[in-house]
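Here are the chains, one letter per residue:
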Amino acid sequence: MVAENLLSSSTKNSPSPSPKFNNPFTTRIFSDVAGDITIVVDGESFLLHKFPLVARSGKIRKMVADAKDSNISRLELLSLPGGAPTFELAMKFCYGMNFEITAANVASLRCAAEYLEMSEDYREENLIERTEIFLNQVVVQSLEKSVEVLSTCETLPSIAEEVGIPSRCVEAIAMNACKEQLVSGLSQLDCDGESAELKSGCLEWWIEDLTVLRIDYYQRVICALGHVGIRPASIVGSLMHYAQVSLKGIGKCHIWNPARMKPNHGMVENDQSTIVETLVGLMCNEKSSPIPLSFLFGMLRMAIMVEANIACRLELERRIAFQLETVSLDDLLIPSVRTGDSLFDVDTIHRILVNFLQRIEDEENEDCGYESEGIGSPSHASLLNVGRLTDAYLAEIAPDPYLSLQKFIALIDILPDYARVVDDGLYRAIDVYLKAHPTLTEEECKKLCKFIDCQKLSQEACNHSAQNDRLPVQMVVRVLYFEQLRLKNTMSGSSGDGLFSQRMSSGVPSAAMSPRDNYASLRRENRELKLEISRMRVRLSELEKEQLFMKQGMMDKSGNGKTFFTSLSRGIGRIGIFSSPSGGKQQKTGRKSRGSEGKKGRSRRHSVS
């Protein structure tokens, strides 16, 4: 306040400058004495007096001196910073009239003073000195005033950068925010017994203030905040709030649907893409401060819609892949903005999966020991979660009539075999796709169904596939064969040990391998062992259910058990029906005939489509 009183005498009755300059007549600053010079600024004429102007303004003194006519009565100032309103304030200063220097006009006054050369060389305590005192003693001491002054620099020409106003404001904002962080940290230490809601509600107040800045100034402020040590979580909060205000529809806990987005006529699309690209470039390291997935997906949708550059979109996809195991299905359903393409942006999800698999591989390569490869390790658990998520996504996009077979297969094939313990989700997705695309040829159906491992289907899925008319004949035969083999193993009590030992023997490393190849082979074998153990657990639970069912049936029926084995042998005979010569010939008649027979003799009660 001392500086403010120094810069403006407290004359509350003094007339304030008019905010608009639409008066067709010439403006008079001092009307008691007739003026002798007219100065035109942005089409506005000011009738003034030479003596007070040339006494403080070096530029006007030079213009009057350089004029050919010594009695010059008219001058025009081009591109004066701040325009006519700022020039009026500068002329009032020359006349010694009272006005108030504020955060709203100090930047334009400082630039106009530089333009008019109102330095100490012409008069002590000139306008440059007075505005500098206000900037140093008032503006840089306050975060709010620094932000306000910085926002006014957006309309000023490059002269603002020459005098260093934006740089000083950015530095002041960073230092004051750092002080606020220290104070808030001490207050939180004093309130350790307080509730978590109270602490979470104490979000930095300056985050709201920064939203008024233009994106280039905001970028400079965020970089300065990072250099002075502001918490990454605070920077992330500021980025999210700035995006929510400047890009309508993106918020902290808001999943944005670009299909419902109406273009903002007040903002050019190029400006929107610049904002998105800049905000993505300002994001902190995901290890230091994880960014919420809702915000990342919102930014990705916006980047796709405003056609941000490819580097921006790839960075967002990489960050999403870093947390892919925690993603929900709704997040992945990104609509496609290209006409004539599939309804969902499948290519983006494919790239995210590629980034995720690369991350898993990098994490495994960093671990030199074998402990991380155990069952339940973070990488293996993440892979299983992503496998289930991918199968759910496939089932969700399968009904899309515009989804090509190549893109659908690419999403299936991207995940390794050990990412799925049970193939029920994959089978359901493929079945839905076959139902939504009845025009697929027999070869295309075979190509799609070869990704289903019949040994990894549950009992319910096997029952459904055995009656599914949409599947190729070879697929149905494989399902029934493995079901019969499983039932024989159950009868003999082997529980699939033969298949398990056969898979184990295929992964034994050779002694001639190099240590690195040997380690890679052992790791692959370890993955297969984990997969087999997971499958055995699933089979064991199914066998326990079957055993309880058998015991219940034996207890309910009277007799010596002959009826149970008789019905069991009949069941085995029905399962092996396609292995008989007659059955094999009957199935080669085509999908249509097989479908008509299935409708008459098969029950559809187990359908999952």
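Throughout, residues of each chain are indexed from 1 in the direction in which the sequence is written. Given that the model is predicted, a residue must reach a pLDDT of at least 70 before its local features are reported, and side-chain atom pairs must reach 80 or more before they are shown or counted; all residues, however, enter totals for whole chains, interfaces and linings. Remark: hydrogens and water are excluded; side-chain values derive from all non-hydrogen atoms of the structure.

Caption draft 1: Structural detail: the overall build of the protein chain. When helices and strands are counted, the protein chain shows 29 helices and 4 strands. Summary of the burial criterion: residues with accessible area below 20% of their type's maximum are buried, those above 50% are exposed, and those between are partly exposed, where the area comes from a 1.4 Å probe applied to protein chains only. Counting the 609 residues in the protein chain, one finds 46% classified as buried. We call two residues in contact when some of their heavy atoms are within 4.5 Å. Long-range contacts, defined here as pairs at least 24 residues apart, represent 73% of the contacts in the protein chain between residues at least 6 apart. Residue burial considers only the protein chains on display, and all accessible areas are found by Shrake-Rupley using a 1.4 Å probe. Entry remark: accessible area of the protein chain is about 32,300 Å², with carbon and sulfur atoms responsible for 54%. What counts as a helix is a DSSP run of H or I of at least four residues, what counts as a strand is a run of E of at least two, and both are numbered from the N terminus.

Caption draft 2: The arrangement of a negative patch on the surface in detail. Within this analysis, patches are made of residues with over 30% relative accessible area and no salt bridge. Like charges are joined at 9 Å or less; nonpolar side chains (Val, Leu, Ile, Met, Phe, Trp, Tyr) at 5 Å or less. Here, a salt bridge means any side-chain nitrogen of Lys or Arg that lies within 4 Å of a carboxyl oxygen of Asp or Glu. Positive charge is attributed to Lys and Arg, negative charge to Asp and Glu, and no charge count is given to His or to the chain ends. A single reference atom marks each charge: NZ on Lys, CZ on Arg, CG on Asp, CD on Glu. A cluster of acidic residues, Glu120, Asp121, Glu124, Glu125 and Glu129, forms a negative patch at the surface. Relative to the assigned elements, Glu129 resides in helix H6 (residues 127–139). Overall, Glu129 belongs to the partly exposed group, its relative accessible area being 34%.

Caption draft 3: The arrangement of the environment of Val346 in detail. Following the sequence through the fold, Val346 ends up in helix H18 (residues 346–366). Separated by 13 residues in the primary sequence, Val346 and Leu333 place their C-alpha atoms 8.8 Å from one another. Once you skip the residues sitting within four places of it in the chain, Val346 turns out to touch Tyr393, Ile397, Leu403, Lys407 and Leu411.

Caption draft 4: View of the packing of aromatic side chains. Ring pairs shown here join Phe, Tyr and Trp side chains whose ring centres sit within 6.5 Å, with only the six-membered ring taken for Trp; geometry is labelled stacked below 30 degrees between planes, edge-to-face above 60, and tilted in between. Per the stated rule, a full pass over the model turns up 3 aromatic pairs. With centroids separated by 5.1 Å and ring planes inclined at 65 degrees, the aromatic side chains of Phe46 and Phe87 adopt a geometry described as edge-to-face. Taken together, the residues Phe46 in strand S3 (residues 44–48) and Phe87 in helix H4 (residues 83–95) connect sequence positions 41 residues apart. Take Phe46: its relative accessible area is 0%, and that puts it in the buried class. Taking relative accessible area as the criterion, Phe87 reaches 0% and is therefore assigned buried. Between the aromatic rings of Phe408 and Tyr433, the centroid separation amounts to 4.4 Å while the plane-to-plane angle is 10 degrees, which identifies the pairing as stacked. Placement of Phe408 in helix H20 (residues 405–413) and of Tyr433 in helix H21 (residues 424–436) is noted, with a sequence separation of 25 residues between them. For the pair formed by Phe408 and Tyr433, the shared burial category is buried. Here, a charge over a ring is recorded when the distance from Lys NZ or Arg CZ to the ring centre is within 6 Å and its angle to the ring normal is within 35 degrees. If you follow Lys59 out to its NZ or CZ, it ends over the ring of Tyr115, 4.9 Å from the centre. For the cation-ring pair, Arg214 lies above Tyr217, with the distance from its terminal atom to the ring centre recorded as 5.1 Å.

Caption draft 5: The nonpolar core, seen in detail. Side-chain atoms within 4.5 Å are what join buried Ala, Val, Leu, Ile, Met, Phe, Trp, Tyr and Cys residues into a set we call a nonpolar core. Counting residues in each nonpolar core, the largest one holds 149 residues, and the members touching the most others are Ile39, Phe87, Tyr218 and Phe408. In terms of residue count, helix H15 (residues 293–305) provides more of this core than any other element does, 9 residues in total. Other than its neighbours up to four places away in sequence, Ile39 contacts Glu44, Ser45, Phe46, Leu48, Leu53, Ile60, Leu75, Leu77 and Phe87.

Caption draft 6: Fine view of the side chain of Asp400. On the secondary structure map, Asp400 appears in the loop between helix H19 (378–397) and H20. Look at Asp400: it is buried, it has no salt bridge, and the nearest opposite charge is Lys407 at 8.6 Å. Polar contact criterion, stated in full: a pair of N or O atoms within 3.5 Å, where within protein one must be able to donate a hydrogen and the other to accept it, and residues adjacent in sequence count only if both atoms are side-chain atoms. Of the polar contacts made by the side chain of Asp400, one reaches the backbone nitrogen of Leu343; its length is 2.8 Å. Those residues in contact with Asp400 that sit more than four places away from it in its chain are Ser342, Leu343, Phe344 and His437.

Caption draft 7: Geometry of the confidence of the model for the protein chain. Scored between 0 and 100, pLDDT is the confidence that the predictor attaches to each residue. Looking at the protein chain as a whole, the pLDDT averages 76, with 66% of positions reaching at least 70. The low-confidence segment residues 251–267, where pLDDT is below 50, has 27 contacts with residues more than four positions distant or belonging to other chains.

Caption draft 8: Inspection of helix H3 (residues 58–66) at higher detail. Listing the buried residues of H3 in full gives Gly58, Ile60 and Val64. Summarising the axial view, the buried residues of H3 lie within an arc of 165 degrees, below the 170-degree limit, and thus occupy one face. Residues of H3 that are buried in the fold lie against strand S2 (37–41), helix H2 (50–56), strand S4 (74–77), H4 and helix H5 (106–116). Think of it as the arc spanned by the lines of direction from the helix axis to the C-beta atoms.

Caption draft 9: Quick peek at the pattern of salt bridges. The final tally for this structure, using the stated rule, is 18 salt bridges. Between Arg359 and Glu325 there is a salt bridge, with its nearest N and O atoms 3.0 Å apart. Of this pair, Arg359 sits in helix H18 while Glu325 sits in the loop between helix H16 (310–322) and helix H17 (329–332); the two residues are 34 residues apart in sequence, bridging distant segments of the chain. Connected through shared salt-bridge partners, Arg110, Glu114, Glu132 and Arg168 make up one network.

Caption draft 10: Just unusual backbone geometry, in detail. In this structure, Glu125 takes a positive phi of about 50 degrees despite not being glycine. Even without glycine at this site, Glu307 takes up a positive phi of about 60 degrees.

Caption draft 11: Summary view of the packing of H16 against H18. For helices, the fitted axis covers only the stretch in contact; all axes are lines through C-alpha atoms, and the angles between them, taken along N-to-C directions, range from 0 to 180 degrees. Packing of H16 against H18 leaves a shortest axis separation of 8 Å and a crossing angle of 55 degrees. On the basis of their axis angle, the class for H16 and H18 is oblique. Where H16 crosses over H18, the handedness of that crossing is right-handed. Contacts between H16 and H18 involve Leu314, Glu317, Arg318, Ile320, Ala321 and Phe322 from the former and Thr348, Arg351, Ile352, Asn355, Phe356 and Arg359 from the latter. Any residue outside Ala, Val, Leu, Ile, Met, Phe, Trp, Tyr, Cys, Pro, Asp, Glu, Lys and Arg is labelled polar, Gly included; the first ten of those are nonpolar and the last four are charged. Across the contact of H16 with H18, the residue classes tally to 6 nonpolar, 2 polar and 4 charged. Angles below 35 degrees are treated as roughly parallel, those above 145 as roughly antiparallel, those between 65 and 115 as roughly perpendicular, and all remaining angles as oblique. Should the near helix be turned counterclockwise from the far one by less than a right angle, the crossing is left-handed, whereas a clockwise turn marks it as right-handed.

Caption draft 12: Region of interest: the packing of H4 against H5. Taken N-terminus to C-terminus, the directions of H4 and H5 make an angle of 70 degrees; their axes are 10 Å apart at the nearest point. In terms of orientation, H4 and H5 fall into the roughly perpendicular class. Contacts from Thr86, Phe87, Leu89, Ala90 and Met91 in H4 reach Ser108, Leu109, Ala112 and Leu116 in H5.

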